[in-house]
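# Examination of the molecular architecture
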Amino acid sequence: MTLNIGVIGTGAIGREHIRRCSKVLQHSRVVALNDINRANCEQIINDLGIQAEIYDNAHDLINAPEVQAILVTSWGPTHEEFVLAAINAGKAVFCEKPLAVTAQGCMNIVQAEIAAGKKLVQVGFMRPYDSGYRALKAVIDNGEIGEPLMLHCAHRNPEVGDSYTTDMAITDTLIHELDVLRWLLQDDYVSAQVIYPRKTRKASSHLKDPQIVLLETAKGVRIDVEIFVNCAYGYDIQCQVVGETGIANLPEPMSVQTRSAAKLSTSILIDWKKRFIDAYDVELQDFINNVLSGEMTGPSAWDGYAAAVAADACVAAQNSGVIEAINMPVKPAFYQ
């Protein structure tokens, strides 16, 4: 079987997903494209040598008979509208983060999916598909270090542009930790605090960088996440889990160790896309397989909502300077 996919949004991540679905993954074919810039669609069709219909209206693409599933990779504020339209059309939809720009928007999607009576939504959180995080989770789940007590994490980028704002450290950067750490621990957050260390001279005048986010979970696990988006030296993701009887670290990306010029060294990645390129492949193949099998098992609309609730509290903590409560409703039976 082959899944016919329509893609809404053909920017950087959309283009990469179109390439994956057309050239790398199995049982998928991109048959429809939509973008606010039609020329982007035409360029992708030419560059990749694919046959796809271009729709000037995203809703026409969603409702097109030949489209069986939707990828939403457009501008974040459009996600809620298009995901709701896909649910209304009864079609599975893969939505890049954020699922919606507000927690209420995510809840609107949750409620629509429950009303539809079938799981149709997968959110583009790729880290649970990363082999390193999966290996780390296996160590935790197998009890090799006892119950987790603390997590020390870091999310570092070499640099960001002037359009990057202080709140984006939460909504664009930390959002990945908010999802994957919740998955890693099988635990929800109950509070958040944000601390600002001395500012780096490499940050824009309007940007507070670095930041430290302190989280507490329902089980009492304490988490600190350093967000440093102008670290200069590379793209670096760290996660150390301190357990009752041992410590487990997220594996480093594979790199050749060299001895040269009186130095022992390994390289550090610069491009975030290369750090998780394999995870993106596994993630989208899982979505394709799930749609074809009729059972959605990836990050759900509820996971998207949970991340949004935590992110809202973290942004509030950025502004208030105090510990902010994170109030998560009970997970509906639909998502159990």
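Here, every reference points to the structure presented above.
Below: a short report on this structure. (Residues numbered from 1 in each chain as written. Predicted model: local features only at pLDDT ≥ 70, side-chain atom pairs only at ≥ 80, totals over all residues. Heavy atoms only, no water.)

### Regarding the overall build of the chain
Scanning the chain from N- to C-terminus turns up 10 helices and 15 strands. A compact globule built from 336 residues would reach a C-alpha radius of gyration of about 20 Å, and the chain, at 20 Å, matches this within 12%. With the principal axes as the frame, the chain shows a C-alpha extent of 55 × 55 × 45 Å. Among the 336 residues that make up the chain, the fraction classed as buried is 51%. Per element, the accessible surface of the chain, about 15700 Å² overall, is 50% carbon and sulfur. (Helix = DSSP H or I, 4+ residues; strand = E, 2+ residues; numbered from the N terminus. Rg over C-alpha atoms; globule rule 2.2 N^0.38 Å. Buried < 20%, exposed > 50% of the residue type's maximum accessible area, 1.4 Å probe, protein only. Areas by Shrake-Rupley, 256 points an atom, 1.4 Å probe, with all protein chains shown as cover.)

### Describing the sheet that holds strand β8 (residues 189-195)
Within the open sheet, the seven strands sit side by side as β12-β11-β7-β10-β9-β8-β15. Their pairing is mixed. Each of the sheet's edge strands pairs with one partner strand only, and the pair in question is β12 (247-249) and β15 (324-325). The pairing of β8 with β15 spans two bridges and is antiparallel. Across the sheet, the residue bridging to A192 is E324, located in β15. The strands touched by helix α7 (residues 168-185) within the sheet are β7 (148-156), β8, β9 (211-217), β10 (222-228) and β11 (236-243), with β10 carrying the most contacts at an inclination of about 150°. Helix α10 (residues 301-320) rests against β8, β9 and β15 of the sheet, and its axis sits at about 35° to β8. (Pairing = 2+ DSSP bridges. Contact = heavy atoms within 4.5 Å. Axes fitted to C-alpha atoms, helices over the stretch in contact; angles between N-to-C directions.)

### So, the nonpolar core
L151, L181, I223 and C239 are the most contacted members of the largest nonpolar core, which totals 83 residues. It is α10 that contributes the most residues to this core, 12 residues altogether. When neighbours within four sequence positions are excluded, L181 is seen to be in contact with L151, C153, Y189, I223, V225 and C239. Residues I50, A52, L284 and F287 belong to the second largest nonpolar core, which totals 23 residues. (Core = buried A, V, L, I, M, F, W, Y, C linked by side-chain atoms within 4.5 Å.)

### Topic: helix α6 (residues 131-141)
By the burial criterion, the buried members of α6 are G132, Y133, L136, K137 and I140. In an axial view of α6, the angular spread of the buried residues amounts to 135°, which keeps them on one side of the axis. On its buried face, α6 is in contact with β7, α7, β11 and β12. The N-cap of α6, judged by a side-chain oxygen 3.1 Å from the amide nitrogen of G132 a few residues on, is D130. Within two residues after α6, G143 carries a phi angle of roughly 75°, on the positive side. (Arc of directions from axis to C-beta. Polar contact = N/O pair within 3.5 Å; in protein donor to acceptor, adjacent residues only side chain to side chain.)

### Remarks on the side chain of T10
Within the fold, T10 resides in the loop between β1 (3-8) and α1 (12-24). For T10, a relative accessible area of 5% puts it in the buried group. Not counting chain neighbours up to four residues away, the residues in contact with T10 comprise R15, I18, L33, N34, D35, N40, C41 and I44.

### Topic: helix α9 (residues 277-293)
Counted at 1.5 Å a residue, the expected span for α9 with its 17 residues is 24 Å, and the 25 Å between its end C-alpha atoms agrees. Among all positions of α9, only A279, Y280, D281, E283, L284, Q285, D286, F287, I288 and N290 are buried. One or two residues past the end of α9 sits G294, with phi positive at roughly 85°. (Expected span 1.5 Å × (residues − 1).)

### Quick word on the environment of R38
Topologically, R38 is positioned in helix α2 (residues 38-48). Aside from chain neighbours lying at most four places away, what touches R38 is I54 and D56.

### Thoughts on the sheet that holds strand β2 (residues 28-34)
Judged by pairing direction, the sheet is parallel, and its six strands sit side by side in the order β3-β2-β1-β4-β5-β6 without closing on themselves. Taken across any chain shown, the strands that pair with only one partner, and hence form the sheet edges, are β3 (53-54) and β6 (121-124). The strands touched by α1 within the sheet are β1, β2, β4 (69-72) and β5 (92-96), with β2 carrying the most contacts at an inclination of about 150°.

### Notes on the pattern of salt bridges
Summed over the entire model, instances satisfying the criterion amount to 14 salt bridges. One salt bridge in this structure joins D281 and R20, with 2.8 Å as the shortest N-O distance. With D281 in helix α9 and R20 in helix α1, this pair connects stretches of sequence that are 261 residues apart. Between D130 and R275 there is a salt bridge whose closest N-O contact spans 3.4 Å. With D130 in the loop between β6 and α6 and R275 in helix α8 (residues 272-275), this residue pair connects regions lying 145 residues apart in the sequence. No difference in accessibility class separates D130 from R275, as the two residues are buried. (Salt bridge = Lys/Arg side-chain N within 4 Å of Asp/Glu carboxyl O.)

None of the figures reported here should be taken as evidence of function without further support.
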